[in-house]
Amino acid sequence: MSRATHPATYTPFFTRRRGTVFCEGVSLPAIAKSVSTPTYAYSRAAIETVYHKLDGALNAALGAIPHSICYAVKANSNLSILRLLAAMGSKFDVVSGGELERVRRAGIAPGRVVFSGVGKSREEIAEALRAGILLFNVESPAELDLLANEASRLRRRAPCATRVNPDVVAGAHPHIATGRRHHKFGVDWHVARRLYLEHRDSKWIAWHGISAHVGSQVLSLTPYRQALQKLAGHVRDLAAHGVKLRYLDIGGGLGVRYTNEKPPAFSAYARTLARETRGLGCSLLIEPGRAIVAVAGVLLMRVLYTKETRGKMFVVCDAAMNDFMRPALYGAVHPITAVVQKGREGKVQNVAIVGPVCETGDVFHDTWPLSRVKPGDVLALWGAGAYGASMTSNYNSRPRPAEVVVEGRRVRVIRKRETRADIMRGE
Ligand code: LLP
C-alpha cells in the first residue's frame, strides 16, 4: 500500500490494545461515551514529548547560540494547550489581538510574544504596545508608519523586525505556501532595507530583528537554508550600515507525517539552523505550530449512517467539514480508523467518509479503506491536533466540538462543547 493508512507512527501516545485504541491510559470509546462526539482529544504526553524533543535538538545543535521556540498560537489556541507550552518555557507567535488576549489569559507575560500578520489594526498595535510585547514583525511600510505613530502617542518605543519575503518555494499546498514573491506576506528586501535605514535613528522604532516565514507543512530543509542565507546576508549588510539586529526569526512551517510524508528530523532541522546562523551574533527565533501539536490530537466522531449509492459505500459521520477543515480546504489526507476493531480487521472495504453539512465538499475521504462499521461506531481522524479546533466554524448552525486533554488515566475537558445558545448569542 502506498499510503500509511494506519497511524502506527503516532505511538506510543496512541496504542491499540486488544482491538481498542487508547490515548495514553484512556480508551477512545470511553472518551466518546463520556464527552460525546465530535470531540478533539489531545495527548498531553505527546505534546510534552515533542516539545522537549525539538527543544533538545535545538540545544544540541545551536549550543551557545541563544534561541527560542515561539509556538504559533493559530495552530491550536486552546488556553490549556498554551499553558502547557508556557510551563515548558515556550514563547508565542500571535497574529491578532484575539490571540494576544488568549496568551495573556493563559497567564503568559507579553514579553514572551512576537506579533506577526499582514493586517494588524491600529487597536491591535496599540494593545500590543501597551502590553509590552517582545517583537512586532512588520509587514508593510504603511504598518510601520502606523506603528511609529502609535508608539509616539503612547510614548512606548516599538521593538520591531521586518518580515522579509524570502521568495523561496515551500509548503505542501498552494494555500499554505507563503514565501513566494507574489504572496501577500512580508516586504521585498529592497523595501525592508530602506525602512531599516530610514528609521535607523528613530525615536519610536527600535530595530531588533528580521523575520521570514517560508511556508507550512514544509518537508525539505532547502527552503530554510535558502531563506536563512538571505536573512544572514541582510543582517550583515545592515550591521555594516549601523543597524545591529538582535533577533533572527525564521518563522515556522516544519512539516509532519500525516500519512507517508517524510518530514526532516528535528536534529537535521536544528543543524541547518545552526549552520546558517553561526557567528551572526543574533538570537534565533522559530515559530513552529503544526510540528508541536499536529500528531498529538485526534478528532473523534460517530457513524450516523452507512449507505450504498450506485456501488459506492458512504459512511456518514457526525463530524463535518466545519469541525475539521483541512480535507475540504487543502485536499489534506488524514487517516481515519475505527477505534474498536475486534476481530473485524480482515473486512476492510473502500468507503467515502462524509459529514452531514450540505456541501459536496464535506468529505473527509472519497475512497478510504475502513473496517466494516455500523451506526454508533466511533471513528478517529488522525493528526488533528493542529489547525483542527482552531479552524472550526458554526456553518449549518452546528455547535463546535468539545476538546479534551488526556493526562495518563485522566480526561480533562479543556473546552466545553458549544451550545445552541452559545452560537446564537449576539444575534
Ligand atoms: N509563523 C507565521 C508567520 C505563520 O504564518 C505560520 C503559519 C506559522 C508561523 C506556523 O506555521 P506551522 O509551523 O504551523 O506550519 N491552516 C493551514 C496552515 C496555515 C499556516 C499559516 N501560517 C493548514 O491547516 O495546513
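Whatever comes next refers back to the structure up there.
Overview of the structure.

About the thresholds
Residues numbered from 1 in each chain as written. Predicted model: local features only at pLDDT ≥ 70, side-chain atom pairs only at ≥ 80, totals over all residues. Heavy atoms only, no water. Pairing = 2+ DSSP bridges. Helix = DSSP H or I, 4+ residues; strand = E, 2+ residues; numbered from the N terminus. Buried < 20%, exposed > 50% of the residue type's maximum accessible area, 1.4 Å probe, protein only. Polar contact = N/O pair within 3.5 Å; in protein donor to acceptor, adjacent residues only side chain to side chain. Contact = heavy atoms within 4.5 Å. Axes fitted to C-alpha atoms, helices over the stretch in contact; angles between N-to-C directions. Parallel < 35°, antiparallel > 145°, perpendicular 65-115°, else oblique. Left-handed = near helix turned anticlockwise from the far one by under 90°. Nonpolar A, V, L, I, M, F, W, Y, C, P; charged D, E, K, R; others polar.

### Quick notes on the sheet that holds strand 3 (residues 26-27)
Two modes of strand pairing occur in sheets, parallel and antiparallel, and in both the strands are linked by backbone hydrogen bonds.
No. 1: Across the sheet, three strands lie side by side as 1-2-3; this open sheet has antiparallel pairing. Strands at the two margins of the open sheet, each flanked by one partner only, are strand 1 (14-17) and strand 3.
No. 2: Sheet topology places strand 2 (residues 20-23) next to strand 3; two bridges connect them, and they run antiparallel. From the neighbouring strand, Phe-22 faces strand 3, where its bridge partner is Ser-27.

### Observations regarding the side chain of Lys-120
No. 1: Looking at the element boundaries, Lys-120 is found in the loop between strand 7 (113-115) and helix 5 (122-131).
No. 2: A relative accessible area of 8% places Lys-120 in the buried class.
No. 3: In this structure the side chain of Lys-120 is engaged in a polar contact, spanning 2.9 Å, whose partner is the backbone oxygen of Gly-117.
No. 4: A polar atom in the side chain of Lys-120 sits 2.6 Å from the side chain of Glu-143.
No. 5: Residues contacting Lys-120, with those up to four places away along its chain left out, are Phe-115, Ile-125, Asn-137, Val-138, Glu-139 and Glu-143.

### Considering the sheet that holds strand 8 (residues 135-138)
No. 1: In spatial order, the strands read 5-6-7-8-9-10-11-12; together these eight strands close into a barrel with parallel pairing. In this sheet, adjacent strand axes meet at a mean angle of 30 degrees when their direction is disregarded.
No. 2: Contacts from helix 5 reach strand 7, strand 8 and strand 9 (158-163) within the one sheet, and its direction differs from that of strand 8 by about 150 degrees.
No. 3: Contacting strand 9 and strand 10 (205-211), helix 7 (residues 189-198) runs over the sheet at an angle of about 155 degrees to strand 10.

### A word on the packing of helix 4 (residues 97-105) against helix 5
No. 1: Close contact between helix 4 and helix 5 brings their axes to 9 Å; oriented N to C, the two are set at 30 degrees. Viewed along their axes, helix 4 and helix 5 adopt a mutual orientation that is roughly parallel. Crossing hand, helix 4 versus helix 5: left-handed. Residues Gly-97, Leu-100, Glu-101 and Arg-104 of helix 4 lie in contact with helix 5, whose contacting residues are Glu-124, Glu-127, Ala-128 and Ala-131.
No. 2: In the contact of helix 4 with helix 5, the residues fall into three nonpolar, one polar and four charged.

### What about the packing of helix 8 (residues 222-240) against helix 9 (residues 266-277)?
No. 1: Helix 9 packs onto helix 8 with a crossing angle of 25 degrees between their chain directions and a minimal axis gap of 9 Å. By the angle between their directions, the pair helix 8 and helix 9 is classed as roughly parallel. Crossing handedness for the pair helix 8 and helix 9: right-handed. Touching Tyr-224, Arg-225, Leu-228, Gln-229 and Ala-232 of helix 8 are Tyr-269, Thr-272, Leu-273, Arg-275, Glu-276 and Thr-277, all from helix 9.
No. 2: In terms of residue class, the contact of helix 8 with helix 9 is built from five nonpolar, three polar and three charged.

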